[in-house]
Amino acid sequence: MSKPTRTSRSNYSSPSEEVDGFNSLAELALDLRWSWNHAADEIWQQLDPVLWELTHNPWIVLQSVGRNQIERLSADPIFRKHVDELIQAKTRVAAAPGWFQQNHSPSPLTCVAYFSMEYMLSEALPIYSGGLGNVAGDQLKSASDLGVPVIGVGLLYQQGYFRQVIDRDGAQQALYPYNDPGQLPITPLRQADGEWLRLEIALPGYSVWLRAWQVQVGRVKLYLLDSNDAANYPAHRGITSELYGGGPELRLKQELLLGIGGWRLLRALGLQPEVCHLNEGHAAFAVLERALSFMVETGQPFEVALAVTRAGNLFTTHTAVAAGFDRFEPALIQQYLGGYAGQKLGIPLHDLLALGRQNPEDSSESFNMAYLAIRGSGAVNGVSRLHGRVSRQLFGPLFPQWPQADVPVGHVTNGVHVPSWDSAGVDDL
């Protein structure tokens, strides 16, 4: 498969694409830097004030507005000058060395792969539910500002997380509005010949085709996978339908697509991250696929591959109670990973299950994704000093001979990406 070298602007065509000035507007609209930099807000408000106020999605505004409106505003020297200045500023920011380049150059660190089940970047891209997505989105934005070489990996959900409304009786109603890819600020990831980059993932008795998408987040790219491909059986097209929806089997499929499919996507792109960051245990299957890649490249057995690659894996746990960890019944792991363990990793299912169990010899114990992440990572951290202490208690049983204070779980206190939470008025001040 040839290396993908470009993205197409959209999977839908717009009659306005041939209008002079459209390309510059599209370049601005498809870079989520606008989600924390309000300099372009006036542009979208001028194009369609009502739609902008309703959606705060520049790409929807640009896709919806008519040719005449774009031509009229592009003919206005003040409007055109504003757009040109924004494009120039964007180019300068992209070319200028960031904090990382200024303080850590030359650095052996060239790529960090950041795996997360959700990302909260903007209401225009509703693939998040709460705190985990908040952290992931803010960290991608901070990486962009600082110039840290991070690449995000996630899933594109057709419906995302539910929207809560309260009916006249005071009861909660859950709504699942459809995420139309043509109206999201994302672009299909295509190969050099224009073919959509698609990955085939084998599941028991069938294969699932995954489409790849790209989100531009300032200097950082976020890659998303979804199973809503016409080549898939209808039931399998819905694997990426809802965030945290369905039962354990659907959740397992989603996490297989994120971890295994996500790592294969990076390899298909020719990327070889030195660091793999697991934002919660949802992405822990990336540990196995990374080890498999090392096995294929070096001919080493799984035990060696895991020992070598785990040094470059980092696990951030967010859960403060044991019940919050994803667990799967042994029979479900056998169904979906039995062949992968024996045919790909070259290990018995027992050894794979042991990576996710407190007691490897207890055949009834469920498979804990957080345990897999810990055993496959060189470093583990909580998200605050207190959470680090709580996590050492939670994971203490994995280290029965260790004093609790020495359980290898540290902490990094989470912050926020302040510009994302500032208003335009505060920016002016």
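Residues numbered from 1 in each chain as written. Predicted model: local features only at pLDDT ≥ 70, side-chain atom pairs only at ≥ 80, totals over all residues. Heavy atoms only, no water.

Focus on the overall build of the protein
- Helix and strand content of the protein: 18 helices and 15 strands.
- For a compact globule of 429 residues, the expected C-alpha radius of gyration is about 22 Å, and the protein comes in at 23 Å, within 12% of that figure.
- Principal-axis analysis of the C-alpha atoms places the extent of the protein at approximately 75 × 60 × 45 Å.
- Across the 429 residues of the protein, 51% fall into the buried class.
- Of all intrachain contacts in the protein linking residues separated by at least 6 positions in sequence, the fraction that spans at least 24 positions is 69%.
- Per element, the accessible surface of the protein, about 19000 Å² overall, is 52% carbon and sulfur.
- In the protein, 32 side chains carry a positive charge and 43 a negative one; their mean positions are 4 Å apart. (Helix = DSSP H or I, 4+ residues; strand = E, 2+ residues; numbered from the N terminus. Rg over C-alpha atoms; globule rule 2.2 N^0.38 Å. Buried < 20%, exposed > 50% of the residue type's maximum accessible area, 1.4 Å probe, protein only. Contact = heavy atoms within 4.5 Å. Areas by Shrake-Rupley, 256 points an atom, 1.4 Å probe, with all protein chains shown as cover. Lys, Arg positive; Asp, Glu negative; His and termini not counted. Charge placed at Lys NZ, Arg CZ, Asp CG, Glu CD.)

Overview of the pattern of salt bridges
- Applying the stated rule across the entire model yields nine salt bridges.
- Between R198 and D229 there is a salt bridge, with its nearest N and O atoms 2.8 Å apart. In this pair, R198 sits in strand β7 (residues 198–203) while D229 sits in the loop between β9 (220–226) and α9 (234–237), placing the two residues 31 residues apart along the sequence.
- The class for R198 is partly exposed, based on a relative accessible area of 24%.
- For D229, a relative accessible area of 6% corresponds to the buried category.
- When the shortest N-O distance is used, the salt bridge between R251 and D326 registers 2.9 Å. Of this pair, R251 sits in helix α10 (residues 248–268) while D326 sits in the loop between β11 (313–316) and β12 (327–328); the two residues are 75 residues apart in sequence, bridging distant segments of the chain. The exposure classification of R251 matches that of D326, with both residues buried. (Salt bridge = Lys/Arg side-chain N within 4 Å of Asp/Glu carboxyl O.)

Remarks on the environment of A341
- Residue position: A341 is located in helix α13 (residues 330–345).
- Separated by 12 residues in sequence, A341 and L353 place their C-alpha atoms 9.6 Å apart.
- In this view, A341 contacts G346, I347, L349 and L352; residues no more than four positions away in its chain are not counted.

Let's talk about the side chain of H236
- Looking at the element boundaries, H236 is found in helix α9.
- Since its relative accessible area comes to 12%, H236 is described here as buried.
- If sequence neighbours within four positions are ignored, H236 has contacts with Y206, V208 and S227.

Digging into the packing of aromatic side chains
- Inspection of every chain in the model, using the stated rule, returns six aromatic pairs.
- Judged by centre distance (6.5 Å) and plane angle (70°), the rings of Y371 and F395 are edge-to-face. Residue Y371 is located in helix α15 (residues 369–375), and its partner F395 is located in helix α16 (residues 385–395); the two are separated by 24 residues in the primary sequence.
- For Y371, a relative accessible area of 8% gives the class buried.
- Judged by its relative accessible area of 0%, F395 falls in the buried class.
- Grouped by ring-pair contacts, the aromatic residues F325, Y371 and F395 constitute a single cluster.
- Directly above the aromatic system of W196 lies the positively charged group of R190, at a separation of 5.2 Å from the ring centroid.
- Against the face of W209 rests R198, its NZ or CZ located 4.4 Å from the ring centre. (Phe/Tyr/Trp six-rings, centres within 6.5 Å; stacked < 30°, edge-to-face > 60°. Lys NZ or Arg CZ within 6 Å of the ring centre and 35° of its normal.)

So, empty space enclosed by the protein
- Per the stated rule, a full pass over the model turns up one cavity of 30 Å³ or more.
- Taken as a whole, the largest cavity encloses approximately 40 Å³ of empty space.
- Classifying every residue of the lining of the largest cavity gives five nonpolar, three polar and one charged. (1 Å grid on protein atoms, 1.4 Å probe; cavity = no way out; pocket = protein on both sides within 12 Å on 5 of 7 lines; lining within 4 Å. Points joined across faces, edges and corners; volume = space filled by probe spheres on them. Nonpolar A, V, L, I, M, F, W, Y, C, P; charged D, E, K, R; others polar.)

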